[in-house]
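Here's the letter readout for the chains.
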Amino acid sequence: MSSEAENETPIRIIDGHNDLAWASRTNLDYAVDALAHPIEGLHTSIDRMRAGGMGGQFWSVWVTDSLTGADQVTATLEQIDFVHRFTSAFPDDLRLAVTATEARRAMQEGRMASLIGIEGGDQIGGSMAAMRQYARLGARYMTLTWSNTIAWADSATDDAQHGGLTDFGRDVVREMNRIGMIPDLAHVAPDTMRDALETSQRPVLVTHSGALSLCDHPRNVPDDVIASIGESGGTMMVAFVPTFLSQARRDWFNAGAEGKGPDATVADVADHIDHVREIAGVDAVGLGADYDGTDLMPVGLEDVSGYPRLLDELRSRGWSHGDLQKLGSENVLRVLDANDDDYRRFLSGQQPLPTGTAIRPAIDTTAPDTAEETA
């Protein structure tokens with residue numbers, strides 16, 4: 001039970017990353033009605049979100065990297081459609097939000113903000129026009145890679161080919177700034193992180209990673225990058241994935257994962273949060289659990305209802321109510337705020353028009369036609 005004082009505003013969580021959209025594709029064939037209550041095999045439901053004190057969720061719209069080109073774009077649009085339909089199915093609980101102002105309004109109304117993030121730069125199919133269309137549909141961040149290195153950016157979990165971002169990759173980041181889409185540095189190689197931070201003129205997010213110095217998983221973030229994120233006004237959101245959190249769990253997995261491995265705990269999550277705070281400051285830390293994106297979660301955080309246990313652990317370590325408000329939602333909303341004016345100007349047509357590689361077609365239609373006649 002939470003120990004919040006009666007006269008204090010409840011802590012509300014806006015989590016940076018949840019894979020319910022793909023999990024619902026796999027488990028429910030994209031149906032949404034059953035998600036009011038717990039479903040076996042899923043971490044997320046409306047009543048669990050309420051129990052967890054959630055004020056909002058960035059829904060990850062991810063597609064498998066077995067898809068390529070136009071198939072990735074189609075599957076991404078299906079994911080975005082799920083978020084819109086899911087939000088519409090529970091109007092008393094959820095509200096689609098595309099700006100920080102709309103997210104705050106949803107919380108003031110007693111609803112939870114539904115926000116959208118694209119989980120992989122390959123999902124634009126090499127087309128910044130496709131990226132702009134995702135933004136028009138409400139996507140506010142894009143993870144620059146997923147697990148594989150792509151044509152313009154190195155991934156943390158694949159062989160490096162570019163030494164970070166290519167010139168096109170830097171242009172992608174610049175165009176993201178122009179349209180108010182936040183670069184997400186989860187999943188990317190450290191050199192890609194550094195290149196993106198050097199290129200971006202707006203604060204960035206890391207939506208679901210841990211601290212590399214506490215656990216040597218390649219998905220985790222080095223201290224110099226954590227510090228740079230803090231210095232540039234960004235937010236690093238700590239994931240709950242056990243092999244990102246616990247070195248003992250990581251070592252067990254690397255040794256073959258035989259038998260029952262060491263559990264990750266609420267304290268392990270808190271250790272990573274404390275570390276990010278120590279390196280980058282309390283204004284630079286948030287939560288991005290990765291529920292429904294992995295099968296196992298720490299003991300005490302088995303589903304989205306568990307956030308209050310983490311808040312209580314942090315209170316026991318001396319975190320103030322104001323600190324927890326920053327962790328829970330204010331830090332990520334500040335980053336969203338910092339990109340919102342660009343997003344509004346983009347939607348209204350007030351931003352300067354894109355040029356150069358930002359408007360270059362991704363599909364080559366200039367190949368010679370070998371047919372004798374064309375219609």
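Up top is the structure.
Residues numbered from 1 in each chain as written. Predicted model: local features only at pLDDT ≥ 70, side-chain atom pairs only at ≥ 80, totals over all residues. Heavy atoms only, no water.

This part covers the overall build of the protein. In terms of regular secondary structure, the protein is built from 13 helices and nine strands. Against the globule reference of 21 Å for 375 residues, the protein gives a C-alpha radius of gyration of 20 Å, in line with a compact fold. Along the first, second and third principal axes, the C-alpha set of the protein runs to 75 × 45 × 40 Å. Residues counted as buried form 55% of the 375 residues belonging to the protein. (Helix = DSSP H or I, 4+ residues; strand = E, 2+ residues; numbered from the N terminus. Rg over C-alpha atoms; globule rule 2.2 N^0.38 Å. Buried < 20%, exposed > 50% of the residue type's maximum accessible area, 1.4 Å probe, protein only.)

One can describe the packing of helix 8 (residues 223-231) onto helix 11 (residues 266-280) by two numbers: an axis separation of 8 Å at closest approach and a directional angle of 65°. Relative to helix 11, the element helix 8 lies roughly perpendicular. In this structure, helix 8 meets helix 11 at a crossing whose hand is right-handed. In this structure, helix 8 contributes Asp 223, Ile 226, Ala 227 and Gly 230 to the contact, and helix 11 contributes His 275, Val 276, Ile 279 and Ala 280. (Axes fitted to C-alpha atoms, helices over the stretch in contact; angles between N-to-C directions. Parallel < 35°, antiparallel > 145°, perpendicular 65-115°, else oblique. Left-handed = near helix turned anticlockwise from the far one by under 90°. Contact = heavy atoms within 4.5 Å.)

Time to look at the packing of helix 11 against helix 12 (residues 307-316). One can describe the packing of helix 11 onto helix 12 by two numbers: an axis separation of 10 Å at closest approach and a directional angle of 60°. Taken together, the axes of helix 11 and helix 12 are oblique relative to one another. Relative to helix 12, helix 11 is oriented so that their crossing is right-handed. Across the interface between the two elements, Val 266, Ala 267, Val 269, Ala 270, Ile 273 and Asp 274 of helix 11 pack against Arg 309, Leu 310, Glu 313 and Leu 314 of helix 12.

Below, the discussion takes up the side chain of Thr 143. Checked against the element boundaries, Thr 143 lands in strand 5 (residues 139-143). Among the polar contacts made by the side chain of Thr 143, one reaches the side chain of Asp 184 at a distance of 2.6 Å. (Polar contact = N/O pair within 3.5 Å; in protein donor to acceptor, adjacent residues only side chain to side chain.)

Under the definition given, this model contains 11 aromatic pairs. Measuring from centroid to centroid gives 5.8 Å for Phe 240 and Tyr 291, while their planes differ by 85°, and the two rings are edge-to-face. Taken as a pair, Phe 240 in the loop between strand 8 (235-238) and helix 9 (242-245) and Tyr 291 in the loop between strand 9 (285-287) and helix 12 lie far apart in primary sequence, 51 residues in all. Looking at Phe 240, the relative accessible area reads 0%, which means it is buried. Using a relative accessible area of 0% as the deciding quantity, one classes Tyr 291 as buried. The ring of Trp 319 carries the charged tip of Arg 277 above its face, separated from the ring centre by 4.6 Å. (Phe/Tyr/Trp six-rings, centres within 6.5 Å; stacked < 30°, edge-to-face > 60°. Lys NZ or Arg CZ within 6 Å of the ring centre and 35° of its normal.)

A few words now on the side chain of Ser 114. In this structure, Ser 114 sits in strand 4 (residues 112-118). For Ser 114, the contacting residues outside a window of four places in its chain are Gln 57, Trp 59, Thr 87, Leu 94, Arg 95, Leu 96 and Ala 97.

Next up on the list: the nonpolar core. Core analysis: the biggest nonpolar cluster contains 86 residues, and Phe 86, Phe 240, Ile 273 and Leu 310 have the highest contact counts within it. Per-element tally for this core: the top contributor is helix 11, with six residues. Beyond its immediate stretch of four places on either side in the chain, Ile 273 contacts Val 238, Val 285, Leu 287, Leu 310, Leu 314, Trp 319 and Leu 327. If you look at the next biggest cluster of nonpolar residues, it comprises 16 residues, including Ala 106, Ala 113, Leu 115 and Leu 333. (Core = buried A, V, L, I, M, F, W, Y, C linked by side-chain atoms within 4.5 Å.)

In terms of residue burial, strand 4 counts as a mostly covered element, since seven of its seven residues are buried. Every second residue of strand 4 is oriented toward a common face, with Met 112, Ser 114, Ile 116 and Ile 118 on one face and Ala 113, Leu 115 and Gly 117 on the other, all of them buried. Sheet topology places strand 2 (residues 54-61) next to strand 4; six bridges connect them, and they run parallel. Counterpart to Gln 57 in the pairing with strand 4 is Ser 114. Of the strand pairs in this sheet, strand 3 (residues 94-96) and strand 4 are connected by three bridges, and their pairing is parallel. Directly across from Leu 96, in strand 4, lies its bridge partner Ser 114. (Pairing = 2+ DSSP bridges.)

Let's shift gears to helix 7 (residues 190-199). Turning to helix 7, its buried residues are Thr 192, Met 193, Asp 195, Ala 196, Leu 197 and Thr 199. Against helix 6 (167-179) and helix 8 lie the buried residues of helix 7.

Turning to the pairing of strand 2, a few remarks are in order. Summarising burial for strand 2: eight of the eight residues are buried, a large majority. Of the pairings in the sheet, the one linking strand 1 (residues 13-18) to strand 2 comprises four bridges and is parallel in character. The partner of Asp 15 across the bridge, within strand 2, is Gln 57.

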